[in-house]
Amino acid sequence: CETLIFKVNDGLNWFGLVTLPYIYLKKLSSSVSAQSCFLSTYGGTSHVSLDDVFTEVQLELHHSSSGVHQPLDLEDVVGSVGTVNKDADTVLVSGEAGSGKSTLLQRLHLLWAQRAALRDFVLLFPFSCRGLNLEHRELCVQELLFQHCCWPDREQEEIFQFILDHPHLILFTFDGLDELKEGFVDELRVCCPTQRAPVHVLLFNLIQGTQLKGVMKVVTSRPGAVGPGLKKHLRKEVLLKGFSPSGIDCFVRKHHSDSAVAAKVLESLQANTALLGLCHSPVLCWIVSQCHKELLSCGEGSPQTVTDVYLMILQHFFQHHSTSKGTTGAGWLQEHLRTVLHLGQLASEGITSSCCVFSGADLETCGITEKDVCMGFLVQSKDVSPGNSKRYEFLHVTMQCFFAALYIVLSGDTDCSTVPKLFELQDVTETGLSSTCLRACLPSADQQGGHLEEHTTAAEAPNLQITATFVSGLLSQRHKRSWQRCCSKAAVERKVRQVTRCLSKGMQKHFRSIPRPVPGEKKSMHAMPGFVWLIKCIYEMQESRIAKDAMSKLEVDHLKLTYCNIGPMECTALAYVLQHIKSPVGLQLDNNSVGDVGVEQLLPCVHVCNSLYLRNNNITDEGIRRLTAKVVHCDNFQKIALFNNRLTDASTLHISHLLKAKQSFLSLRLGNNNITAEGAKRLAEGLRRNHSLKFLGLWGNKIGDAGAEAIAGALENSKSLVWLSLVGNGVGNAGARALSGIVRNSLSLEELWLTQNCITRAGVEYLIQALKHNTHMKSVWLKNNDLSSEEVEEVKLIEPRLIF
Ligand code: ADP
């Protein structure tokens, strides 16, 4: 059977039979399967099948229009959910380095090849942008598909015609758009499938849909590398947020066949929440699991920072190959210093020239031997290279950054200005300019002519940031002593001073950019992404002196870090630094991925917060339990916003306790959670005993009439409450009747929000009567209740403070 007949369902109706040479499909699917069945990070140790270790990752829609967290399944990536632009065919999956983007694509590829998912797509063509960087010829789309993915031994024209005729049955994936040397532009149009062009131009045309319109494309990238030019061609954007807490647990158990070892690793993670926070990043979770022996034997010195984790894997790989087993202290480093420097040189030259794939000649130029390769930090690239010569890449791009950092710290060859320039570059990238200055400081970069480009590309900026973070970590108090045996003490001390100065200067620059407050308003700082990066560098240095020094110059009332990709790892760093702020601030962390582990990590800094905004952060009752247990003892703490998290009635017990204990508490916002009448009753117990609360928001819960009655009963005699919202809570006339009690009696309430409930004309009557006794109340909002338009007009005339 040489021709396979597909009966295809386009989702609406059966539209007929299509044919495709079967042999090609078989070849393509076995090639996709072979490329995707093993994980490359295990290449240096053992082959581990993706089926065995793949763990669900957290996927979310970017800036979901409803503002509601919507967890997605793997197949939703290509499904219709969350589509913002129906005319576009490109889905972007964005996530930080190591968040699992390549592995996610790999999983989709494998499932497709196994016919276990994506069955609507007859053909799948996987591309890696790293691989496309190596293609210097001009190609047409047909050549791109066949030469880079799978060559049809016969009937090429028929197969390509099939693709042209049935675009909706085809899926392309492009991994690592941020690694492409050329930044996205949509000016160069190549519409004809037979027209040749540089591959990046073809890629941009495919993404825009000027070529092969209707073919679904999934592209992965780090968030910072995608500009508005590309965004307008996106069907949707999916954010990859690494492992959930249960994902970490699941991964560790999958990684260790011995369940006793898995249990011990998990136990040690629970005991070290800073490390647990790091493990939300799959690549770090992999390292921690891989290095379980080192982890379990280090006791007190258990890793705290990202640098600690990478040093652990460095030691792990080297000791695997060590001649003198059991070398203690930094002895292992001395033994392997030559290898570190050679790999480091390759890594740093690659980073300064946006190169992640190296030829045998590149390795030779840096003095890397076969033995060095065997250490396992380099793996053979899966990308088919022109000429089929062997190509190498680091196990992961972050590993390349780590080696580049080791080189900057340990090599005597680097220029004095290397460290300052590495840190200064971050400012350059934030202002969108490009620079070649770091490259000029690294030795032999100019001899590498082959892969040097004139400008800093999208790929360089995040890699330089990661490298700088590692440089900070390697020069921390706890590690710098180890290097003194390998290089000059004076040189290390000079680099430490340089990093310290750069971090302090960088912080001050951010503080200088804070606009003067409008008279009467609070002084507020909206952090730029570079601010979080600086905070992370300070944390890596583990010197509270630097954190203190930086914070002594920060004078704001409100620190805004919304949409900053803040997860548990970032929370650890933030708390480490922000705990030194001198006067209380409002800390706004809305729309991040703080989660319960992140909440726990923030605890060391909550005493400097007068308000904490954690809207849309995937926090559960457990996070609230931990948070309230701490803030109840914090004198400054007055406001909390928890809109759109995963709170249930169980949280209200803790919140109620907080209300009873804190008579200076001002504002509680719990909108869009899962609080029912039971929770409202428990909350009422706290409200009854609190005499300070001014703002209470419960919008979008399910408290119903019974809940409204409980809240109303508790607040009837409140002398502090100014604003109350029970919008969208299924409140009917019984609730309205109870609430009219507050309206009648309260001397403080100004606004009552009852929009989107089920109150009828009879219920409104209670409110009208109550308002007759209250002259200071400003408004009762009643839009979208059960009143006819005539009734609305009628009651508006009777009581103008009723707002519809
Ligand atoms: P990215 O492409 O975002 O930089 P990768 O997909 O390369 O991240 O992930 C780095 C490493 O983390 C992988 O090689 C693998 O060891 C581990 N990893 C990532 N995602 C998963 C997953 N879903 N299940 C199991 N391991 C994963």
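Up top is the structure.
The rules we used
Residues numbered from 1 in each chain as written. Predicted model: local features only at pLDDT ≥ 70, side-chain atom pairs only at ≥ 80, totals over all residues. Heavy atoms only, no water. Phe/Tyr/Trp six-rings, centres within 6.5 Å; stacked < 30°, edge-to-face > 60°. Helix = DSSP H or I, 4+ residues; strand = E, 2+ residues; numbered from the N terminus. Lys NZ or Arg CZ within 6 Å of the ring centre and 35° of its normal. Patch = residues over 30% accessible without salt bridge, like charges linked within 9 Å, V, L, I, M, F, W, Y side chains within 5 Å. Areas by Shrake-Rupley, 256 points an atom, 1.4 Å probe, with all protein chains shown as cover. Salt bridge = Lys/Arg side-chain N within 4 Å of Asp/Glu carboxyl O. Lys, Arg positive; Asp, Glu negative; His and termini not counted. Charge placed at Lys NZ, Arg CZ, Asp CG, Glu CD. Buried < 20%, exposed > 50% of the residue type's maximum accessible area, 1.4 Å probe, protein only. Disulfide = S-S within 2.5 Å. Polar contact = N/O pair within 3.5 Å; in protein donor to acceptor, adjacent residues only side chain to side chain. Near = heavy atom within 4 Å. Nonpolar A, V, L, I, M, F, W, Y, C, P; charged D, E, K, R; others polar.

Chemist: Teacher, can you tell me more about the packing of aromatic side chains here?
Modeler: The relative placement of two aromatic rings is captured by the distance of their centres and the angle of their planes. For the structure shown, the criterion picks out 25 aromatic pairs. Between phenylalanine 377 and phenylalanine 403, the ring centres sit 4.8 Å apart and the planes meet at 70°, which makes this aromatic pair edge-to-face. Of the two residues, phenylalanine 377 sits in the loop between α17 (370-374) and β12 (378-380) while phenylalanine 403 sits in helix α18 (residues 397-410), which places them 26 residues apart along the sequence. An aromatic cluster is built from Tyr310, Phe317, Phe318, Trp332, Phe358, Phe377, Phe394, Phe402, Phe403 and Phe470, whose rings are joined through pairwise contacts. The ring centre of tryptophan 723 lies 4.6 Å from the NZ or CZ of arginine 669, which sits over that ring.

Chemist: What am I meant to see in a negative patch on the surface here?
Modeler: Judged by side-chain charge, Glu56, Asp73, Glu75 and Asp120 come together as a negatively charged surface patch. Positionally, aspartate 120 belongs in the loop between α3 (101-113) and β5 (123-128). Overall, aspartate 120 belongs to the exposed group, its relative accessible area being 52%.

Chemist: Looking at this model, I keep getting lost on the state of the cysteines. Mind explaining?
Modeler: Between two cysteines, a covalent bond joining their sulfur atoms is known as a disulfide. Tallied over the entire structure, the rule returns zero disulfides. No disulfide involves cysteine 401; its sulfur sits 8.0 Å from the nearest other cysteine sulfur, which is in cysteine 356. Of the residues examined, cysteine 401 reaches a relative accessible area of 0% and is grouped as buried.

Chemist: I keep staring at the side chain of aspartate 621 and nothing clicks. Help me out?
Modeler: Within the secondary structure, aspartate 621 sits in helix α28 (residues 621-631). No salt bridge forms around the buried aspartate 621; measuring N to O, its nearest opposite-charge neighbour arginine 682 is 8.3 Å away. Within polar-contact distance, the side chain of aspartate 621 engages the side chain of serine 651 at 2.4 Å.

Chemist: So what exactly am I meant to see when it comes to the site of the ligand here?
Modeler: Taken together, 20 residues sit near the ligand, with Thr41, Thr55, Gly98, Thr103 and His396 positioned nearest. Between the ligand and threonine 41 there is a distance of 2.7 Å, counted from an oxygen atom to a side-chain nitrogen or oxygen. Residue lysine 101 places a side-chain N or O atom 2.8 Å away from an oxygen atom belonging to the ligand. Within the complex, the protein chains bury 95% of what would otherwise be the 550 Å² of accessible surface of the ligand. Elements represented by at least two residues in the shell around the ligand include exactly α3 and α12 (282-290). For the shell around the ligand, the residue count by class is ten nonpolar, eight polar and two charged.

Chemist: Would you explain the pattern of salt bridges in this entry?
Modeler: Two side chains with opposite charge may pair up if their charged atoms get near one another. For the structure on display, the rule yields 29 salt bridges. Among the salt bridges present, the one from glutamate 143 reaches arginine 196, with a minimum N-O distance of 2.4 Å. With a gap of 53 residues between them, glutamate 143 in helix α5 (residues 141-148) and arginine 196 in the loop between β7 (170-175) and β8 (197-198) connect regions that are remote in the sequence. A salt bridge links lysine 553 to aspartate 549; the nearest nitrogen and oxygen atoms lie 3.1 Å apart. Taking relative accessible area as the criterion, aspartate 549 reaches 34% and is therefore assigned partly exposed. Among the charged side chains, a salt-bridge network with shared partners connects Glu600, Glu622, Arg625 and Arg626.

Chemist: Looking at this model, I keep getting lost on unusual backbone geometry. Mind explaining?
Modeler: Negative phi characterises most residues that are not glycine, and trans characterises most peptide bonds. Within the chain, glutamate 155 stands out as a residue other than glycine whose phi angle is a positive 55°. Take glutamate 155: it is sitting in the loop between α5 and α6 (156-165). Look at asparagine 565: it is not a glycine, yet its phi comes out positive at around 55°. Secondary-structure assignment places asparagine 565 in the loop between β15 (558-560) and α26 (568-578).

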